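Take a look at the letters that make up each chain.
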Amino acid sequence: MDRQAIIQAEADYVLHTYNRPDIVFSHGEGMYLYDSDGNKYLDFTSGIAVTSLGHSDPEWVTAVSQQAAQLTHVSNLFHSAPQAQLAQKLVENSFADKVFFCNSGAEANEAALKFARKYARSRISTLHSPISKTNIVAFTGGFHGRTMGSLSATYKTQYREPFAPLVPGVTFVPFNDLAAAQAAIDDNTCAVIVEPIQGEGGVNPATAEFLQGLRAACDAHHALLIFDEVQCGLGRTGTLWAYQQYGVTPDVMTLAKPLAGGLPIGAALVTQAVAEVIKPGDHGSTFAAGPLVCAAANVVFDKINQRPFLQSVQENGAYLKHRLQTLELEQIVDVRGQGLLLGVALNQPAAPIMAAARNKGVLILTAGDNVLRLAPPLIVNMAEIDTAVTTIAACLEEVS
Ligand SMILES: Cc1ncc(COP(=O)(O)O)c(C=O)c1O
């Protein structure tokens with residue numbers, strides 16, 4: 001199929017939920033993607049913060065190929081080594097005591113909210129209290145996914161309203177407004193769900209005071225604190241987990257995007273207290289954490305969880321941020337974020353800049369109307385950063 005035929009077939013047969021540019025990618029290698037016409041693109045998107053090792057990392061390819069030849073799927077009715085190994089790594093390198101696996105970020109948040117409901121129920125029965133304890137506190141700008149539960153805690157009304165009624169009892173509080181959050185969290189709250197660094201909402205980092213205050217309020221009211229690290233977790237911000245930079249640990253942390261380097265996976269990591277209320281049959285998934293996807297994830301985790309690797313994310317992230325901050329273009333009103341998850345807030349729409357950069361061979365993302373989002377593979381180097389920044393600057397000068 002040539003490029004036009006592919007685009008036409010998609011228009012004819014694929015449900016139109018995405019607007020795509022007329023590009024068909026054929027392959028990728030490291031920091032680069034190649035289209036069907038042979039054009040080369042520097043990838044500062046990582047497939048929306050997924051391909052942290054870059055495209056077709058040789059160790060990842062070997063692990064996936066070998067595992068595919070050996071065993072791909074057995075369902076969760078049986079044990080398998082790659083899943084056990086991955087769970088051990090996640091627990092031994094985080095606050096958590098147990099892991100629940102699923103297939104995406106939305107599913108991970110869905111699991112987290114279900115666990116919070118069950119945990120709350122167990123507390124009510126212990127306390128013999130008349131409270132319902134089913135409410136959820138979420139935040140303006142938050143994005144947690146498109147399934148009914150995750151969507152209920154996602155802020156953008158245009159995502160939620162066409163599908164109402166959603167899960168009841170969700171209150172949205174201004175992000176980083178601790179007093180408002182304290183006022184909203186009470187004995188009827190079962191969970192507070194927050195991204196330590198909001199991705200889709202505009203690359204907005206939480207303040208330490210905010211997350212620490214949420215922790216205290218959750219403790220005071222026996223509510224679970226859920227950190228959604230689907231986008232900001234696993235090395236993206238320069239530490240293994242974003243929460244490590246805040247001096248706060250959650251009760252539940254959700255992961256997905258980068259965990260298997262491009263294969264579908266999600267995870268909800270929980271403390272022992274949460275784990276104790278979840279019983280066989282409470283939740284499950286046919287595909288989750290099969291041997292193939294976990295073999296991939298084990299490679300990703302082992303490579304990212306190395307001090308020199310994380311150090312390089314910190315250094316390159318700081319360099320990228322510095323380069324953007326010193327561009328001195330009037331269109332740039334703010335540069336924010338951490339590590340290699342950075343937002344460039346503009347005084348103009350971001351989408352035309354993203355399109356112009358793509359035409360010059362650099363792929364970037366937007367986050368909201370006026371923010372450019374940069375989330376390159378974590379293997380990016382300073383020369384590639386220079387190329388991306390120079391291209392973005394040229395686009396800003398041309399398209400304003
Ligand atoms: C913070 C966050 N949570 C959840 C999700 C949903 O993940 P998925 O698209 O894998 O369902 C996303 C996706 O962008 C996200 O950024």
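Small disclaimer: the values here were computed from a predicted structure and weren't measured.

S.K.: An account of the overall build of the protein is requested, with residue identities and associated values reported.
M.R.: A tally of helices and strands in the protein yields 14 helices and 17 strands. Taking 2.2 N^0.38 as the reference for a compact globule, 400 residues should give roughly 21 Å; the C-alpha atoms of the protein span a radius of gyration of 21 Å, in line with that estimate. Seen through its C-alpha atoms, the protein measures out along the principal axes to roughly 65 × 55 × 45 Å. With 400 residues in all, the protein has 48% of them scored as buried. Restricting to contacts in the protein with at least 6 residues of sequence separation, those with at least 24 account for 72%.

S.K.: If you had to explain the sheet that holds strand β16 (residues 365-366) to someone new, which residues and values would you point to?
M.R.: Pairing in this open sheet of four strands is antiparallel, and the strands run β13-β14-β17-β16 from one edge to the other. Edge positions in the sheet fall to β13 (332-338) and β16, since each has one partner strand and no second. Looking at chain direction, β16 and strand β17 (residues 371-374) are connected through two bridges and run antiparallel. When the sheet's bridge partners are listed, Thr-366 is paired in β17 with Leu-372.

S.K.: Go over the nonpolar core with me, naming the residues and quoting the values.
M.R.: Counting residues in hydrophobic clusters, the biggest one holds 117 residues, and the most contacted among them are Val-192, Leu-224, Ala-267 and Ala-296. Of the residues forming this core, the biggest block, ten residues, is contributed by helix α11 (residues 291-304). Residue assignment places this core across two domains, with domain 1 (3-56 + 307-398) and domain 2 (71-304) each supplying three or more.

S.K.: If you had to explain the domain arrangement of the protein to someone new, which residues and values would you point to?
M.R.: Domain annotation for the protein reports domain 1 (3-56 + 307-398) and domain 2 (71-304). Taking only C-alpha atoms into account, the centre of domain 1 sits 27 Å from that of domain 2. Counting residues at the interface gives 25 residues for domain 1 and 24 residues for domain 2. Contributions of two or more residues to the side of domain 1 that touches domain 2 are made by α2 (46-49), α12 (307-325), β13, β14 (341-346) and β17. At five residues, α12 tops the list of elements feeding residues into the side of domain 1 that touches domain 2. Here the side of domain 1 that touches domain 2 is composed, by residue class, of 13 nonpolar, ten polar and two charged.

S.K.: Help me get a handle on the packing of helix α4 (residues 81-92) against α11, residues and values and all.
M.R.: Look at α4 against α11: their axes get within 8 Å of each other, and the N-to-C directions meet at 35°. In this structure, the crossing between α4 and α11 has a hand that is left-handed. Residue-level contacts link Pro-82, Gln-83, Gln-85, Leu-86 and Lys-89 of α4 to Pro-291, Cys-294, Ala-295, Ala-297, Asn-298 and Phe-301 of α11. Partitioned by chemical class, the residues of the contact of α4 with α11 number seven nonpolar, three polar and one charged.

The rules we used
- Each chain carries its own residue numbering, running from 1 in the direction its sequence is written.
- With pLDDT at 70 or above as the cut-off, local features in this predicted model cover only qualifying residues; side-chain atom pairs require 80 or more to be listed or tallied, and sums for whole chains, interfaces and linings still use all residues.
- Only DSSP runs of H or I covering at least 4 residues are called helices, and only runs of E covering at least 2 are called strands; the numbering of each starts at the N terminus.
- Only C-alpha atoms enter the radius of gyration, while the globule expectation follows 2.2 Å times N to the 0.38, with N the number of residues.
- Partly exposed residues are those whose C-beta has more than 12 but fewer than 20 other C-beta atoms within 10 Å; 20 or more makes a residue buried and 12 or fewer makes it exposed, with C-beta atoms placed from the backbone.
- Two residues form a contact once the distance between their C-beta atoms, set from the backbone, is within 7 Å.
- A pair of strands is considered paired only if DSSP assigns at least 2 bridges between the two.
- Any set of buried Ala, Val, Leu, Ile, Met, Phe, Trp, Tyr and Cys residues joined through C-beta atoms within 7 Å is what this text calls a nonpolar core.
- Where each domain begins and ends follows an automated or database-derived domain assignment.
- Note on residue categories: nonpolar means Ala, Val, Leu, Ile, Met, Phe, Trp, Tyr, Cys or Pro, charged means Asp, Glu, Lys or Arg, and polar means any other residue, Gly included.
- Only the stretch in contact is used when fitting a helix axis, every axis being a line fitted to C-alpha atoms; angles between N-to-C directions are given from 0 to 180 degrees.
- It is the rotation of the near helix from the far one that decides the hand of a crossing: anticlockwise by less than a right angle makes it left-handed, clockwise makes it right-handed.

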